[in-house]
Amino acid sequence: MDVREMWDAEYRSGRYVDDGPVPMVGRITDTLSKRGLSAARGVYLGCGNGRNYVPLLEAGLALDGVDVSPVAVAALLARAPRLRGGASLTCGDLMDLGPAAPYAYVVAIQSLMHGTASEVARRFGKVDSLLAPGGLLFLRINTAASEVAHAHDVLEETPPGGRTVRYSGGARDGLVIHFFTEAEISSLLPGYSRVGRPTEHVVPRTPPEGGQWTQLETVLQKPA
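Rules used throughout
Residues numbered from 1 in each chain as written. Predicted model: local features only at pLDDT ≥ 70, side-chain atom pairs only at ≥ 80, totals over all residues. Heavy atoms only, no water. Helix = DSSP H or I, 4+ residues; strand = E, 2+ residues; numbered from the N terminus. Pairing = 2+ DSSP bridges. Axes fitted to C-alpha atoms, helices over the stretch in contact; angles between N-to-C directions. pLDDT = per-residue confidence, 0-100. Buried < 20%, exposed > 50% of the residue type's maximum accessible area, 1.4 Å probe, protein only. Contact = heavy atoms within 4.5 Å. Phe/Tyr/Trp six-rings, centres within 6.5 Å; stacked < 30°, edge-to-face > 60°. Lys NZ or Arg CZ within 6 Å of the ring centre and 35° of its normal. Polar contact = N/O pair within 3.5 Å; in protein donor to acceptor, adjacent residues only side chain to side chain.

## With respect to unusual backbone geometry
Positive phi, normally seen in glycine, also occurs at Gln-110, with a value near 60°. Mapped onto the fold, Gln-110 is located in the loop between β4 (103–109) and α6 (117–130).

Given below as structure tokens:
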């Protein structure tokens, strides 16, 4: 199974249909407002069905959207028909994205974890290339403290403590996911500085699944 197929299946099953935005949406708008960047152009990587993306647009942000899943993009357009005419919404992979000018900020909520450590490193490199000097990255990502409930094999562990797993059964059979540490993120984005304090969120899985996800939420600034 590849990433697009997995997310198509998730959105067909109703994933996130009834979910509201994550609290990080407020942190994004507050941070941009305090820095005078509310009118600056940004991009949301993995905008999905719009549960977080649409509230950010409604807050007045000039925010492009990108998602690999055509099912998700169709759901987003059904949710916000006004996007059909002029919004910069792309159905495709992050690695194929090429803006006319660098972005002032990037939003990546649970969207940079697909692939092996080397593949993830290339994705972080792409994010760096999308950002203007001094630009902001709003990042929320699964950490290595997460409990992986589904059958899986550990493919690799990185020196900073991250690990890559491949699911070995069920609806995600064959999917490769990387789990990070904060130190690993710093190594992937050398020279970036923190904006405010990072926070960790422990999210219990929906029963009958057990265990929990542990997610790191942080804002990072590219060197000027």
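## Some details on the sheet that holds strand β8 (residues 176–179)
Strand order in this open sheet of 3 strands is β6-β7-β8, and the pairing throughout is antiparallel. Only two strands of the sheet have a single neighbouring strand rather than two, namely β6 (152–157) and β8. Geometrically, the sheet is characterised by an average inter-axis angle of 25° between neighbouring strands, direction not taken into account. By the bridge criterion, 5 bridges tie β6 to strand β7 (residues 163–167) in an arrangement that is antiparallel. What sits directly across from Asp-153, in β7, is Arg-166.

## Side note on the confidence of the model for the chain
Detailed reading of the predicted coordinates is not advisable wherever pLDDT is low. Per-chain confidence: the chain averages 89 in pLDDT, with 94% of residues scoring 70 or above. Put simply, helix α5 (residues 83–86) is where the chain has its lowest mean pLDDT, 54, and strand β9 (residues 193–194) is where it has its highest, 98.

## Brief notes about the environment of His-114
In this fold, His-114 is placed in the loop between β4 and α6. Under the relative-accessibility criterion, His-114 is labelled buried at 9%. With near-sequence residues (within four places) excluded, His-114 lies in contact with Val-3, Met-6, Trp-7, Val-120, Arg-123, Val-176 and Ile-177.

## Considering the packing of aromatic side chains
What the rule picks out here adds up to 4 aromatic pairs. A ring pair is formed by Phe-124 and Phe-180, whose centres lie 5.6 Å apart and whose planes are at 50°; its orientation type is tilted. Here Phe-124 is found in helix α6, whereas its partner Phe-180 is found in the loop between β8 and α7 (182–188), with 56 residues between them in sequence. Across this residue pair, the class does not change: Phe-124 and Phe-180 are buried. Aromatic side chains Phe-179 and Trp-213 sit 6.3 Å apart centroid to centroid with 10° between the ring planes, which places their arrangement in the stacked category. Residue Phe-179 is located in strand β8, and its partner Trp-213 is located in strand β11 (residues 212–221); the two are separated by 34 residues in the primary sequence. In terms of burial, Phe-179 and Trp-213 fall into one category: buried. The residue whose ring lies beneath Arg-163 is Phe-179, and the NZ or CZ to ring-centre distance is 5.3 Å.

## Here's the deal with the pairing of strand β10 (residues 199–204)
The element β10 is largely exposed, with a buried count of 0 among its 6 residues. Pairing analysis gives 6 bridges linking β10 to β11, with the strands arranged antiparallel. Residue pairing in the sheet places Glu-200 in a bridge with Leu-216 of β11.

## Observations concerning the side chain of His-178
In this structure, His-178 sits in strand β8. On the basis of relative accessible area, His-178 is assigned to the buried category, the value being 0%. One polar contact links the side chain of His-178 to the main-chain carbonyl oxygen of Arg-163, over a distance of 3.3 Å. Once residues lying within four places of it in the same chain are set aside, the contact partners of His-178 are Met-113, Gly-115, Ala-117, Val-120, Thr-158, Gly-162, Arg-163, Thr-164 and Glu-184.

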